[in-house]
Amino acid sequence: QEQLVESGGGLVQPGGSLRLACVASGSAFAISTMSWYRRPPEKQRELVATIGQSGNTNYAASVEGRFTISRDNNERTVYLQMNSLKPEDTAVYFCKSSNWRGDSWGQGTQVTVSS
């Protein structure tokens, strides 16, 4: 399994932006489907966005048009650009790698949207 390390979380005011990054240690990054999930306070983990090997993307309805997922295979990094942030985006954000070896998860990074 891969090791995934997220970064970029923090405290931001409503309407602000953050860019999360997730760096993978393994050699299978280019053939992995990469996803961002989040777990809001006292709620279950939910899928935010996914990017496939070819760069095809999918988003949760709640973030469509505000968040953008992208990947850099040379840097083995997946990004989540988050714009127009809302208080309800407050959560711990996790990245996940999925390939023929199975799924791997990062430890998460906290995003807090508050004035």
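What you are looking at is a predicted structure, and each value in this text was computed from that prediction instead of being measured.

**Student:** I tried to follow the overall build of the protein chain on my own but got confused; where do I start?
**Tutor:** Counting its secondary structure elements, the protein chain contains zero helices and eleven strands. Along its sequence from the N terminus, the protein chain presents helices and strands in the succession β-β-β-β-β-β-β-β-β-β-β. A compact globule built from 115 residues should have a C-alpha radius of gyration of about 13 Å, and the protein chain, at 13 Å, falls within 12% of that. Taken over the C-alpha atoms alone, the protein chain extends approximately 40 × 25 × 20 Å along its principal axes. Relative to its 115 residues, the protein chain shows a buried fraction of 46%.

**Student:** So what exactly am I meant to see when it comes to the sheet that holds strand E1 (residues 4-7) here?
**Tutor:** Two strands in a sheet stick together by hydrogen bonds in their backbones, pointing the same way (parallel) or opposite ways (antiparallel). An order of E1-E3-E8-E7 is seen for the four strands of this open sheet, with the pairing classed as antiparallel. A single partner strand is all that each edge strand has here, and the edge strands are E1 and strand E7 (67-72). Across the sheet, the mean angle separating the axes of adjacent strands is 15° when strand polarity is ignored. As paired strands, E7 and strand E8 (residues 77-82) are joined by six bridges and run antiparallel to one another. Following the sheet pairing, isoleucine 69 is matched in E8 by leucine 80.

**Student:** What am I meant to see in the pattern of salt bridges here?
**Tutor:** Here the idea is simple: oppositely charged side chains can pair when their charged atoms come close. Taken as a whole and judged by the stated rule, the model has four salt bridges. Salt bridges sharing common partners tie together Arg38, Glu46, Arg66 and Asp89.

**Student:** For this particular structure, what's the right way to read the state of the cysteines?
**Tutor:** Put plainly, a disulfide is one covalent bond tying together the sulfur atoms of two cysteines. Summed over the entire model, instances satisfying the criterion amount to one disulfide. Here cysteine 22 is linked by a disulfide to cysteine 95, with a sulfur-sulfur distance of 1.9 Å. Taken together, the residues cysteine 22 in strand E3 (residues 18-24) and cysteine 95 in strand E9 (residues 91-99) connect sequence positions 73 residues apart. In this pair, the class of cysteine 22 matches that of cysteine 95, namely buried.

**Student:** Even after reading the chapter, I still don't get the packing of aromatic side chains, so can you show me in this structure?
**Tutor:** Centre-to-centre distance and the angle between the planes together describe a pair of aromatic rings. Applying the stated criterion to the full structure yields one aromatic pair. Positioned above the aromatic ring of phenylalanine 29 is the side chain of arginine 71, whose terminal nitrogen or guanidinium carbon lies 4.8 Å from the ring centre.

**Student:** Would you mind going over the pairing of E7 with me for this structure?
**Tutor:** Within a regular strand, the side chains alternate between the two sheet faces. Of the two faces of E7, the one holding Phe67, Ile69 and Arg71 is buried and the one holding Thr68, Ser70 and Asp72 is not buried anywhere. Here E7 folds back onto E8, and the loop between the two strands holds four residues, one of which, arginine 76, carries a positive phi near 50°.

**Student:** Can you walk me through the side chain of serine 35 in this structure?
**Tutor:** Among the secondary structure elements, serine 35 is positioned in strand E4 (residues 33-39). For serine 35, a relative accessible area of 4% gives the class buried. Here threonine 50 takes part through its side chain, which lies 3.1 Å from a polar atom of the side chain of serine 35.

What counts, and where the lines are drawn
- Residues numbered from 1 in each chain as written.
- Predicted model: local features only at pLDDT ≥ 70, side-chain atom pairs only at ≥ 80, totals over all residues.
- Heavy atoms only, no water.
- Helix = DSSP H or I, 4+ residues; strand = E, 2+ residues; numbered from the N terminus.
- Rg over C-alpha atoms; globule rule 2.2 N^0.38 Å.
- Buried < 20%, exposed > 50% of the residue type's maximum accessible area, 1.4 Å probe, protein only.
- Pairing = 2+ DSSP bridges.
- Axes fitted to C-alpha atoms, helices over the stretch in contact; angles between N-to-C directions.
- Salt bridge = Lys/Arg side-chain N within 4 Å of Asp/Glu carboxyl O.
- Disulfide = S-S within 2.5 Å.
- Phe/Tyr/Trp six-rings, centres within 6.5 Å; stacked < 30°, edge-to-face > 60°.
- Lys NZ or Arg CZ within 6 Å of the ring centre and 35° of its normal.
- Polar contact = N/O pair within 3.5 Å; in protein donor to acceptor, adjacent residues only side chain to side chain.

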